[in-house]
Structure formats: C-alpha cells, structure tokens
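# Examining the three-dimensional arrangement
Below are the chains, spelled out letter by letter.
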Amino acid sequence: MDVRIKQFQRLKKDFRGDILTDESMRNHTTFKIGGTADFFLYPKDLEDLKAAISFSQREGLPHFVIGNGSNLLVADDGVRGIVINMSRAFNHLVFKNNTVLAGAGGPLGRLIKYCRERGLSGLEWACGIPARLGGAVFLNAGAYGHTMADIITACHILNNSGVVERKTIDELEMGYRQINLAPDCIILECEMSFADGNPREMERIEHKYQKSRRSKQPLSLPNAGSIFRNPANAPAGKLIEECGCKGLRIGDAMVSKKHANFIINCGVASASDVRRLIDDIQCAVESRYGICLHPEIHYVGFSQ
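## Notes on the sheet that holds strand E5 (residues 79-85)
Taken in spatial order, the four strands make up an open sheet running E1-E2-E5-E3, and their pairing is mixed. Two strands close off the open sheet at either side, each with one partner strand: strand E1 (18-24) and strand E3 (63-66). Ignoring strand direction, the axes of neighbouring strands in this sheet form an average angle of 30 degrees. Taken together, the four bridges between E3 and E5 define a ladder with parallel strand orientation. Considered in E5, the bridge of isoleucine 66 is made with asparagine 85. Contacts between helix H1 (residues 3-14) and the sheet are confined to E1 and strand E2 (36-42), with E2 contributing the most and set at about 10 degrees to the helix. Taken strand by strand, helix H2 (residues 46-59) contacts E2, E3 and E5, and its axis lies near 170 degrees from that of E5.

And the structure:
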C-alpha cells in the first residue's frame, strides 16, 4: 500500500477536521502560485490542532500553518508534509469594554469592521490588508506609521511541546516585520486593546486608506503584497524603480508598473519565475546602491 495512503489512514484515526490530499496551493495563496500540499488540514478545535501536530511529529512530517496565504511564495513542487489552515475553528471574537480577544484564524477585515461598529479605534490603517489576524501579528504587519504591535497586549500560543502559553507584548518583542517566537510555535488567539473612537470618523479614515492603497498598489492582479522589507536608507520601491526595474518580466511574473515593490502574476506565473525576478531585482539594487534588499515574503517548500 502507498505510504501516503497509510499516513492518511493513521491521520484519520485522531484528526476530526477536513483533510485534503494533493491540494493545490494556488487555491490558498493571494499570489495564485504553488504546487500541491501532501495534506491540507482544517482543524475543528484546539485538540484537533494538537492531534495534527502530534501526527506530524510521529510521522516525521514537517508542518506549516497558513492564514490567508498573503506574503507567501509556495514552490512549484509544492509542500511536502502538512499544511494547516486555522480559519474554520480559530475565528472567535470576544469584546469586553475596550479589549478584544480574537482567534488567529479570523479575517483582519472582519475584526476591523466589528471594532468600528463598537467605536474601538486603532486598526483603521489596516483596512484593505488581505490577512488573517495570526498572519498579520506573526509578521507584525504595518502601514502608514502603524503596526499590529500598537494594539497587541498578549498572544496565546501553542508551543512545540503541545502546551498553550500566554506571551505578553514585552515577551513577544515585536519589531519590524518580526516577532519573537520559536519557529514551530502557533499563534492561537490575541489580546488587544483599543482607544475610544467615533464610528463615522473611523469609517472616513478607513476609506482614505483604502483609496490610497487602490491608487498606489496593483490590487487587480494576484500578488503577495510588498516583496521586500524597506531598508533604512529609502523605501524599497523607490530603489527598485530608480534601477529601472518597473515592468521587468520573467514569464508571467512582472514587477508592477504601479508600485515597484510588488510583483504581479499576469497569468500563470511560476514560483521559479518569481524567484528569478527577485534575484534580478536584488542584484540591480545592490550593484547600484550597495544595498541588500531582504524579502518580506516567506518562501514555502523551497529547498533553500
């Protein structure tokens, strides 16, 4: 009997959620790029998540947690092992005065909407970011001078020993597009604190940010958000544009003519097309300015 079939049968004994096999990651990334995942899981609850992790450890299979699939480039050969999607179980919202306890699998946009309705201000800047809460916190997403660290007070995580821990904002040490968590830790839910706000004024601010994003970013075609972190010297997009890389294309992967720090999928771009384009951009910027651009996106399924 095929090894994969045996693994599937063993997984079904302990895991109660949905299991997809050979699932195309194109369906689960905003880039619409990537090969298949051996197993794609939707846990029903915390115990189900623990069962999935325990299974991966027993079988010697790597596991990767995915949110909305933004900021990801999945290899053309796909992902060996297990991909876990948190969206179906970890999407709760609990409001108490000016604090919110929110599941990591919930959409950031829904949290923003419910906060606005309750006059809880602090996330207006994030309106339009296509992320789940856990992904936004894990990358400490930010824009317009704000970051997720501004509102986070603590996170509940599942550590690599299968124990749930509460980490305060000080322990998380959230910095520019980073957080102090061990690689195998999984964010389960987040505690947040908001300021008092006026819903109408909050909505006006959200519309302003959405209009700004639409005018500056190539939102009509699949992309993974900003490709590179901004170096201290200047915005990455400005450096890339000054190197003449706007419109640079390999296959169906192209540097956006609207914003040079975005690579867009013009049709059926491959992950290797994107990687080659990223390499070319890095070489151009380093050759001209001596600056090494570091990717903001995460590579999944690549050998190096």
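From this point on, the discussion continues.
## Observations concerning H1
Between its first and last C-alpha atoms H1 spans 18 Å; for 12 residues at 1.5 Å apiece the expected length is 16 Å, and the two agree. Between a side-chain oxygen at the N-terminus of H1 and the backbone nitrogen of arginine 4 the separation is 2.9 Å; the capping residue is aspartate 2.

## Focus on the packing of H1 against H2
It is the contact of H1 with H2, at a shortest axis distance of 9 Å, that shows an interaxial angle of 145 degrees. Here H1 runs over H2; the crossing is right-handed. Across the interface between the two elements, Gln7, Arg10, Leu11 and Asp14 of H1 pack against Asp48, Ala51, Phe55, Arg58 and Glu59 of H2. Taken together, the residues of the contact of H1 with H2 sort by class into three nonpolar, one polar and five charged.

## Remarks on the packing of aromatic side chains
The tally for this structure, following the rule as stated, stands at three aromatic pairs. With a centroid separation of 5.4 Å and an interplanar angle of 65 degrees, the aromatic rings of phenylalanine 40 and tyrosine 42 are classed as edge-to-face. Take phenylalanine 40: its relative accessible area is 0%, and that puts it in the buried class. A cation over an aromatic ring shows up here: lysine 208 above the ring of tyrosine 209, its NZ or CZ 5.0 Å from the ring centre. We note arginine 275 situated over the ring of tyrosine 299; from NZ or CZ to the ring centre the distance is 4.2 Å.

## Quick word on the pairing of strand E12 (residues 164-168)
Both strand E11 (residues 152-158) and E12 contribute to a ladder of five bridges, which runs antiparallel. Bridge pairing in E12 places cysteine 155 opposite lysine 167. Count of turn residues in the E11/E12 antiparallel hairpin: five residues, of which glycine 162 carries a positive phi of about 80 degrees.

## A closer look at the nonpolar core
In summary, soluble globular proteins display a tendency toward joint burial of nonpolar side chains. One finds Leu108, Leu123, Leu133, Val137, Met148, Ile152 and Met192 to be the most contacted residues of the largest nonpolar core, which totals 33 residues. Listed by contribution, the elements that provide at least two residues to this core are strand E7 (99-103), helix H3 (108-117), helix H4 (133-138), E11 and strand E13 (186-193). Excluding residues within four positions of it along the chain, leucine 133 makes contact with Ala102, Gly103, Ala104, Gly106, Leu108, Leu111, Met148, Cys190 and Met192. In terms of nonpolar packing, the next biggest core, distinct from the first, is built from 27 residues, Phe228, Cys243, Ala271 and Ile278 among them.

## As for the pattern of salt bridges
As enumerated under the stated definition, the model contains 16 salt bridges in all. One salt bridge in this structure joins aspartate 38 and arginine 4, with 3.3 Å as the shortest N-O distance. One end of the pair, aspartate 38, is in strand E2; the other, arginine 4, is in helix H1, with 34 residues separating them in the sequence. Accessibility expressed as a relative area gives 7% for aspartate 38, which makes it buried. Since its relative accessible area comes to 28%, arginine 4 is described here as partly exposed.

## Re the sheet that holds strand E6 (residues 93-96)
The strand order E6-E7-E13-E11-E12 describes an open sheet built from five strands, whose pairing is antiparallel. Single-partner strands in this sheet number two, and they are E6 and E12. Taken pair by pair, the neighbouring strands of this sheet meet at an average axis angle of 15 degrees, ignoring direction. Where E7 and E13 come together, five bridges link them in antiparallel fashion. Along E13, the bridge assignment pairs threonine 99 with serine 193. Set on the sheet, H2 makes contact with E11, E12 and E13; between it and E13 the angle comes to about 140 degrees. The strands touched by H3 within the sheet are E6, E7 and E13, with E6 carrying the most contacts at an inclination of about 25 degrees.

## Quick notes on the side chain of arginine 213
Along the chain, arginine 213 turns up in helix H6 (residues 199-216). Despite its burial, arginine 213 pairs with no opposite charge; the closest candidate is glutamate 206, at 9.6 Å N-O. If near-sequence neighbours (up to four positions away) are discounted, arginine 213 is found in contact with Trp125, Ala126, Cys127, Ile129, Ala143, Tyr144 and Leu219.

The rules we used
- Residues numbered from 1 in each chain as written.
- Predicted model: local features only at pLDDT ≥ 70, side-chain atom pairs only at ≥ 80, totals over all residues.
- Heavy atoms only, no water.
- Pairing = 2+ DSSP bridges.
- Helix = DSSP H or I, 4+ residues; strand = E, 2+ residues; numbered from the N terminus.
- Axes fitted to C-alpha atoms, helices over the stretch in contact; angles between N-to-C directions.
- Contact = heavy atoms within 4.5 Å.
- Expected span 1.5 Å × (residues − 1).
- Polar contact = N/O pair within 3.5 Å; in protein donor to acceptor, adjacent residues only side chain to side chain.
- Left-handed = near helix turned anticlockwise from the far one by under 90°.
- Nonpolar A, V, L, I, M, F, W, Y, C, P; charged D, E, K, R; others polar.
- Phe/Tyr/Trp six-rings, centres within 6.5 Å; stacked < 30°, edge-to-face > 60°.
- Buried < 20%, exposed > 50% of the residue type's maximum accessible area, 1.4 Å probe, protein only.
- Lys NZ or Arg CZ within 6 Å of the ring centre and 35° of its normal.
- Core = buried A, V, L, I, M, F, W, Y, C linked by side-chain atoms within 4.5 Å.
- Salt bridge = Lys/Arg side-chain N within 4 Å of Asp/Glu carboxyl O.
- Lys, Arg positive; Asp, Glu negative; His and termini not counted.

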